[in-house]
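# Inside the fold
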Amino acid sequence: MTQPHIHVILLAVSLILLFAQLGVRNKKTLHILFAIFCGSVAMTAAKRITGADFGPYQYLIGMLACATCNCFWLIARALFREKNPIAWQHIAVAITIAVLVVFQQGYLFVTAHWTLHSRWLSLLVSSLGEVTLLLSSGILMLSCWEACRGFNRASRRDKQQRIVFLSIFGSAILISKTAQNVLNGNPEQLALITSLLTIGILICLQALLIWRSTLRKQAQEDTTAPHPHGLKPLAPSAEATNSLAKQIHNLIIEQQGYLQTNLKVADIARKLDVSEYKISKILREHMGARNFNHYINELRIQHAMQLLSDADKQHWSVLVVGLESGFASVGPFTRAFKAYTGSTPNQYRQTLPPAALAST
């Protein structure tokens, strides 16, 4: 495949995906960012196609290709961060990079029409070019970091999506860097490889968007979709419920997950890849728990009572016992212990007969 053809394919793919995002009914931030990214990639492809024919005016097209790596970073944040993925400072960084790109392309356009005899301006543009390259490289590394961040806490499906993202994007970076070293004197071949890699990244991002949208629709249908003829949704089978109850019991009790500080029902739901509602329901109906926090605190207090009764741990302070039992500080530990036993940890330890301590 010749070089112009691959650039035309890149232009077509980016425009198709751009219009696909515009056709989404309930647009999310992710769709808008991806549309901007596709538009910027389309301008990059158009510049490569028309560069020889448009002459200096190719730089005007290049000014519109200012939302590639910076917008890609924002997409990565929106993909893999659930809470506040994009704040004003992230937008400010992306805009800064875009302004630098626009300034450089504008400078090339001006110098192609008029000869500028300004040494300090040339030095400024050269310095800004280095800054732009540094920022762009850093932003790309941050995009990889977004997929790696929180990987162990992610659900099974989220891990799969992160692996797909890292595989495609990591491979693209590796191939691109290798091609730069091998094809240093052949910019046309380097542009060809870059366009091929960009097509792969575009398709990967679109696949991830469709994947996430499908999962979101399935979740909404499971919880909010109306049922025909007024029938209630079928309850999960006893076998499935018992299996999930065993998994919860194993995770919280057998593996002593209750000793994890600041443990939340969302942590259990994420590890088992189920909804928080299901976890809470099984705790109430199968384990006799009032609620998740009350259940975890009871387990922690029972563990603390064993530590307080252990003769080998009489030198442990109340703070150490509380921390070893999963509490974050001595205050919440003391209040929870008194609510459960009617006495403080120190009072409980003092009420233990010497024979009980000796036998432990």
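Owing to the predicted nature of the structure, the values given are computational and were not obtained by experimental measurement.

On to the nonpolar core, then. One finds Phe 34, Phe 37, Ile 75, Leu 79, Phe 165, Leu 202 and Leu 205 to be the most contacted residues of the largest nonpolar core, which totals 41 residues. Those elements that provide at least two residues to this core are helix H1 (3-22), helix H2 (29-54), helix H4 (69-80), helix H5 (88-113), helix H6 (119-148), helix H7 (156-182) and helix H8 (187-224). If sequence neighbours within four positions are ignored, Leu 205 has contacts with Phe 34, Phe 37, Phe 72, Ile 75, Leu 79 and Phe 165. Counting residues in hydrophobic clusters, the runner-up holds 19 residues, among them Leu 251, Leu 263, Val 265 and Leu 299.

On the surface, a cluster of nonpolar side chains totalling about 290 Å² of accessible area is made up of Leu 15, Phe 19 and Leu 22. Within the fold, Leu 22 resides in helix H1.

The subject of this paragraph is the layout of surface pockets. Volume-wise, the second largest pocket comes out at about 1600 Å³. Listed by contribution, the elements that provide at least two residues to the lining of the second largest pocket are H2, helix H3 (58-63), H4, H5, H6, H7 and H8. A class-by-class count of the residues in the lining of the second largest pocket yields 22 nonpolar, 15 polar and 3 charged.

In this section: the packing of helix H9 (residues 238-254) against helix H11 (residues 276-286). Where H9 contacts H11, the axes come no closer than 10 Å and their chain directions differ by 90°. Judged on the interaxial angle alone, H11 and H9 are roughly perpendicular. When H9 is examined against H11, the residues Thr 241, Asn 242, Leu 244, Ala 245, Ile 248 and Ile 252 are found in contact with a partner set consisting of Lys 278, Ile 279, Ile 282, Leu 283 and His 286. Residue classes in the contact of H9 with H11 are distributed as 7 nonpolar, 3 polar and 1 charged.

What counts and what doesn't
- Residues numbered from 1 in each chain as written.
- Predicted model: local features only at pLDDT ≥ 70, side-chain atom pairs only at ≥ 80, totals over all residues.
- Heavy atoms only, no water.
- Core = buried A, V, L, I, M, F, W, Y, C linked by side-chain atoms within 4.5 Å.
- Buried < 20%, exposed > 50% of the residue type's maximum accessible area, 1.4 Å probe, protein only.
- Helix = DSSP H or I, 4+ residues; strand = E, 2+ residues; numbered from the N terminus.
- Contact = heavy atoms within 4.5 Å.
- Patch = residues over 30% accessible without salt bridge, like charges linked within 9 Å, V, L, I, M, F, W, Y side chains within 5 Å.
- Areas by Shrake-Rupley, 256 points an atom, 1.4 Å probe, with all protein chains shown as cover.
- Salt bridge = Lys/Arg side-chain N within 4 Å of Asp/Glu carboxyl O.
- 1 Å grid on protein atoms, 1.4 Å probe; cavity = no way out; pocket = protein on both sides within 12 Å on 5 of 7 lines; lining within 4 Å.
- Points joined across faces, edges and corners; volume = space filled by probe spheres on them.
- Nonpolar A, V, L, I, M, F, W, Y, C, P; charged D, E, K, R; others polar.
- Axes fitted to C-alpha atoms, helices over the stretch in contact; angles between N-to-C directions.
- Parallel < 35°, antiparallel > 145°, perpendicular 65-115°, else oblique.

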